[in-house]
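# Fold and contact review
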Amino acid sequence: MTTQATTSPAPRRVRPRRRPSLGIIVGIAVLAALALAPLTGSRHSLGIWTVALIFAGVSSGWAIAGGLSGLIPLGHAAFFGIGGYASAVVFAKYDLSPWLGIVVGMVIAAALAWLMTVLAVRFKVRGPYFALYTLAWAEMLRILASNLDYLGKTNGVLVPYKVDAGPADLQFSDPRGFYLVAVGYAALAMIVFLLVKRSPLGWRLSAIRGDEPTAAASGVDVARSLTRTMALSAAMTAIGGGLYAQYIQYIDPELAFNVSVSIDIAVRAILGGAVLVLGPLLGSVAMTSVTELTQKYMDALPSASLLVLGLAIIALAHWFPTGIGGLGVRLKRIWSRRSDRV
Amino acid sequence: MDWRLVLQSVIGGLFNGSLYGVAAVGLALVFGVAKIVNLAHGAFILLGMYLVYVLHDWTSLDPFLLAFAAILGGLAVGWLVQRGLLARLMATGQDGPLLVTLGLWIAIEAVCAMVFGSNPKTVESSLSDATFSIGPANFYWSRLVVLALAVAFTVGLHWLLQHTDLGRGIRAVSQDTTAAQLMGLSVGGLLAATMALGAAAAFFAGALSATLVPITPGAATNLLLMSFVAAVLGGLGNIKGAFVGGVLIGVVEGVGSLFLPGTMKVFIVFLVFIGFLLFRPEGLRRRA
Amino acid sequence: MPLLEVSALRVSYGGVVAVHDVSLSVERGEIVCLLGANGAGKSSTLMAISGVLPDREGTVTFDGRELARVASHEIARLGLVQVPEGRRVFPEMTVAENLQIGGIRAPSAQVRTQRMERSYEMFPRLLERRDQLAGSLSGGEQQMLAVARALMSDPALVMLDEPSLGLSPALVEATFDTVRQVREAGLGVLLVEQNAGEALEVSDRAYVMENGRVVLSGPASQIRNDPQVKSAYLGL
């Protein structure tokens, strides 16, 4: 998604004075509220929101590439799935902490993303071609996973229950434990997104997104900027995949690598606003809410939520090209104007 | 190596490939003219499948006959989508159109799931059981009919683009929109015609595959992915190339199945796809 | 009443004003040229008259008809056609197909065939190249094709944007001969040129634009002798 006027146009040497933006303040407030939410009572929907938060984190990871760089990756299921399989395999087969598995997943995902992007940049695979290119990688992994005995073929990998498991095993006797882990992950992903956005790399990406030839001509190393961004984005996405597999205690090729997973990840970010810190969280919360509400009131029609989602995306493209968060941007502008930003 | 098996796989791949080809033709046309990747293409394929299912249920006519009705359905849907949802966004030159096609994909699949449920539906042609043999290998007649219809559709579309005013207009818009406008061509109308023809190809591909696969809301995904691959192989925007690309993928898949277990043949297809994206993004077509 | 009358035209691109205030007119059988430096707003003026740049104010009247509410492709149909800058033939279509596109609004197939024959008479070179892709033609041939394509619509007025750009001196001469031929056929011509010397020679009247405004206008012979024009555009 392209937006106007929210980011600096060119790389600069001088760092602008940092001040907490409205986005960050709202972000902290929302996360604090989310962390405290389960204390207020009903645990009924805790599981749903745990997953929603994991996906908020995953989408934030996607947005590092999909929002900040102007690339449109449509294959983030690749990294999500790698994270999922790595954490499941390390725990189930080697009896090591799934946290370690998550780190392994991050490294593999980042390495793959790096390789993919190096090739893509080298051979000028851009725009819609890049979307299809990334999608193809995810499909290859899906097929690979469903044919490898080591990964349990189409049955996938089960994450076993452990007797007297603790946080080190990512298993909690109290479901609020995992919920808090999800809050933490979403927060981490948003912080990383924000750090990238405000770093020199972020300015370079914004220049590339605005006009790549001009950026390259003014000395931005396009190849390095994009490969680093994709690697980081992949690593952040892999964490979410790992947490998801541990949470549902199971991973299979479709849950990990299906095209619909890639789409889901991208859509949450786009829905909320892919260039905004809060975008993926907003998008994820909105999507989960829609799913829940339609299931509650239209449970005879289980696909109603997808219909609403599809229509919402179409409407968004027409009237709110910056996502739900676009509304926030307008507020932010009013805020910035008052405090005369640098 | 077993000769019968080789024949079976290669010619079987050719038959499948014609289906990928006809689906890819629509995608390539829309990309070539409107410069957008139509993510809703798979949803159009799905609509073609269900349309044939419904019409068959209603009229009991042979599904291959109904495939022609599906073309009309595709023309109407494509035209409406372009006029109603895409035209305004294309003018802005951002990612809007891509998003709209994504939303359509999700929404149409959801509608199909709501209306038809997730139980597979099947459509039987009167030809469904008849077979013929080439040497030692046996094939269903229906596969040959699919191949013939797919080729006929592609040839017809190609003829339309080459030898009618509509086709010349569409090609003019794809090559230089402003110049076309200055020559008195209605760009909006031609883009709508393009989308209509693209959707017609998708509907037709869906209609043809309705007799071959069980119809479920997710049934078109494979065909969608294969048509992406085929369209890129053919050089996105090139009709003939897209069809040849589709046939090629079918054959690669067929040959792959000789050496690789299960679904690994598709792995080879994607490997080829990535190779093409990297080394020959312009596709099979020779270019200076 | 003049064939084309533009008054107080103002054109902007996404908020940037390219043409501030342009008024001009062209009669039948008259060549009028619009001179000015790069970025003076000449092309924007033509594109606005053709209706391709919808963000415009002022009035454009063609053959007694106000064009403000007329869609660009209808404008071409009314008999006002443009040969855009850089020729912009359809490169992957044959010469014949390019001409067919030009005549796509012809009332019947026979009429279109007649017009094609007329084009080939006017430009025998195009007949030789009939089945060649337009992209493979030389610059001069492409220019011929672009003019012939425009004439296929049987227009009353032709607007040419920089027809001599990038052509060799001999071809420039040939191009201006073509422009004269077009006038001979009774058509009005609005010519945008940077090659002011040649343009003033073929033209009946001229307008000079600077920074989106018409700063000077009059008979071509008079403009040619204007001291400022001499130093700025004719290099004398």
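Residues numbered from 1 in each chain as written. Chains lettered and ligands numbered in written order. Predicted model: local features only at pLDDT ≥ 70, side-chain atom pairs only at ≥ 80, totals over all residues. Heavy atoms only, no water.

The line we're drawing: UniProt positions are given in the numbering used here, feature names are shortened, and annotations may be inferred rather than shown by experiment.
Identification of chain C as Branched-chain amino acid transport system ATP-binding protein from Nocardioides soli is taken from an unreviewed UniProt entry. Under the UniProt heading Sequence similarities (unreviewed entry), the note attached to chain C is "Belongs to the ABC transporter superfamily."

You'll find chain A entered in an unreviewed UniProt entry as Branched-chain amino acid transport system permease protein, with Nocardioides soli given as the organism.

### Notes on the packing of aromatic side chains
All names here are of chain B. Put simply, the rule is: Here a Phe, Tyr or Trp ring, Trp counted by its six-membered ring, pairs with any other such ring whose centre lies within 6.5 Å, and the pair is stacked when the planes are under 30 degrees apart, edge-to-face when over 60, and tilted otherwise. Think of it this way: any DSSP run of H or I at least four residues long counts as a helix, any run of E at least two long counts as a strand, and we number them from the N terminus. When accessible area is computed with a 1.4 Å probe and restricted to protein chains, residues below 20% of their type maximum are described as buried, those above 50% as exposed, and intermediate ones as partly exposed.
Tallied over the full model, the rule gives 19 aromatic pairs over all chains. Their ring planes at 5 degrees and their centres at 4.1 Å tell us that Tyr50 and Phe116 sit as a pair that is stacked. You can see Tyr50 sitting in helix H2 (residues 41-59) and its partner Phe116 sitting in helix H4 (residues 96-116), a full 66 residues away along the chain. Note on accessibility: Tyr50 and Phe116 belong to one class, buried. A ring pair is formed by Phe270 and Phe273, whose centres lie 6.4 Å apart and whose planes are at 70 degrees; its orientation type is edge-to-face.

### Structural notes on the interface of chain A and chain B
Size of an interface: often given as the accessible area lost when the parts come together. As a reminder, the rule being used: Residue contacts are counted whenever heavy atoms from the two residues lie within 4.5 Å of one another. The quantity reported as buried area is the accessible area (1.4 Å probe) lost by two parts once they are put together, taken as the sum for both. Take a side-chain nitrogen of Lys or Arg and a carboxyl oxygen of Asp or Glu: if they are within 4 Å of each other, that pair is a salt bridge. In the analysis that follows, any N or O atom pair within 3.5 Å is treated as a polar contact, provided that within protein one partner can donate a hydrogen and the other can accept it, and provided that, for residues neighboring in sequence, both atoms belong to side chains. Under the scheme applied here, ten amino acids are nonpolar (Ala, Val, Leu, Ile, Met, Phe, Trp, Tyr, Cys and Pro), four are charged (Asp, Glu, Lys and Arg), and all others, including Gly, are polar.
Across the boundary between the two partners, chain A contributes 39 residues, which contact 41 residues of chain B. Taking both partners together, chain A and chain B bury about 3,600 Å²; carbon and sulfur atoms supply 82% of that area. Broken down residue by residue, the surface that chain A buries against chain B is led by Tyr129(A), Leu132(A) and His318(A), which jointly contribute 18%. For the pair chain A and chain B, the number of links is 0 salt bridges. Applying the counting rule to chain A against chain B returns 2 residue pairs in polar contact (both at pLDDT 80 or more). Where the side of chain A that touches chain B is concerned, the elements lending two or more residues are helix H4 (98-122), helix H5 (127-145), helix H11 (259-272) and helix H13 (304-319) of chain A. When its residues are assigned to classes, the side of chain A that touches chain B shows 31 nonpolar, 7 polar and 1 charged.

### Describing the confidence of the model for chain A
How we decide: For every residue, the predictor reports its confidence as pLDDT, a number between 0 and 100.
On average, residues of chain A carry a pLDDT of 84, and 85% of them reach 70 or more. Here residues 1-15 of chain A is a poorly scored stretch, pLDDT under 50, and it has 34 contacts once near neighbours within four places are set aside; other chains count.

### Digging into the interface of chain B and chain C
Taken together, the 19 residues of chain B in the interface contact 22 residues of chain C. Of the roughly 2,000 Å² buried at the junction of chain B and chain C (both faces included), carbon and sulfur atoms supply 58%. Sorting the residues of chain B by area buried against chain C places Gln175(B), Leu182(B) and Met183(B) first, and these three jointly supply 36% of that buried surface. Taken together, the links from chain B to chain C amount to 3 salt bridges. Close ionic contact of Asp165(B) with Arg112(C) constitutes a salt bridge, the shortest N to O distance being 2.9 Å. The interface formed by chain B and chain C includes 7 residue pairs in polar contact (both at pLDDT 80 or more). If you list the elements that add at least two residues to the side of chain B that touches chain C, you get helix H6 (165-175) and helix H7 (177-182) of chain B.

### Description of the nonpolar core
Rule in force here: To form a nonpolar core, buried Ala, Val, Leu, Ile, Met, Phe, Trp, Tyr and Cys residues must be joined to one another through side-chain atoms within 4.5 Å.
In this structure, Tyr133(A), Phe270(B) and Leu4(C) are the most contacted members of the largest nonpolar core, which totals 285 residues. Counting residues in each nonpolar core, the second largest holds 6 residues, with Phe15(B), Phe132(B), Ala137(B) and Phe139(B) among its members.

### What about the layout of surface pockets?
Residue and element names in this part refer to chain A. The criterion, for reference: The method works on a 1 Å grid over the protein atoms by themselves. A cavity is a set of points holding a 1.4 Å probe that cannot get out, a pocket is an open set with protein on both sides within 12 Å along at least five of seven lines, and residues with an atom within 4 Å of a point line them. Grid points are joined across faces, edges and corners, and a volume is the space filled by probe spheres set on the points.
Considered as a void within the structure, the largest pocket measures approximately 1,300 Å³ in volume. The element contributing the most residues to the lining of the largest pocket is H11, with 6 residues. Partitioned by chemical class, the residues of the lining of the largest pocket number 22 nonpolar, 12 polar and 9 charged.

### Details of the UniProt feature "transmembrane region" (unreviewed entry) in chain A
All names here are of chain A. As annotated by UniProt and renumbered to match this structure, "transmembrane region" (unreviewed entry) occupies residues 21-40, 46-64, 71-92, 98-121, 177-196, 265-286 and 306-329. A distance of 27 Å separates the end C-alpha atoms of residues 46-64, which is 100% helix and 0% strand. Counted over residues 98-121, helix gives 100% and strand 0%. Its end C-alpha atoms are 34 Å apart.

### Topic: the packing of H2(B) against helix H3 (residues 63-90) of chain B
Residue and element names in this part refer to chain B. Heads up, the condition is: Axis definition: a line fitted to C-alpha atoms, limited for helices to the stretch in contact. Angles are taken between N-to-C directions and run from 0 to 180 degrees. Roughly parallel covers angles under 35 degrees, roughly antiparallel covers those over 145, roughly perpendicular covers 65 to 115, and oblique covers all other angles. Whether a crossing is left-handed or right-handed is set by the direction in which the near helix is turned from the far one by less than a right angle, anticlockwise for left-handed and clockwise for right-handed.
Orientation of H2 relative to H3, taken along the N-to-C sense of each, is 135 degrees, at an axis distance of 9 Å. Put simply, H2 runs oblique to H3. H2 and H3 meet at a crossing whose hand is right-handed. Residues Phe44, Leu51, Val52, Leu55, His56 and Thr59 of H2 form the contact with H3, whose participating residues are Pro63, Leu66, Ala67, Ala69, Ala70, Gly73, Val77 and Val81.

### Points about the pairing of strand E10 (residues 213-219) of chain C
All names here are of chain C. The cut-off we apply is this: At least two bridges found by DSSP between two strands are what make those strands a pair.
Taken together, the 6 bridges between strand E9 (residues 205-210) and E10 define a ladder with antiparallel strand orientation. Along E10, the bridge assignment pairs Val208 with Leu216. As consecutive antiparallel partners, E9 and E10 are separated by 2 residues, and within that stretch Asn211 has a phi angle of approximately 45 degrees, a positive value.

### Considerations on the environment of Gly21(B)
Residues and elements named next belong to chain B. Among the secondary structure elements, Gly21 is positioned in helix H1 (residues 3-34). Look at Gly21 and you get buried, because its relative accessible area is 0%. Each C-alpha atom of the pair Gly21 and Ala150 lies 7.7 Å from the other, and the pair is 129 residues apart in sequence. Ignoring any residue separated from it by four or fewer positions in sequence, one finds Gly21 in contact with Ala242, Phe243 and Gly246.

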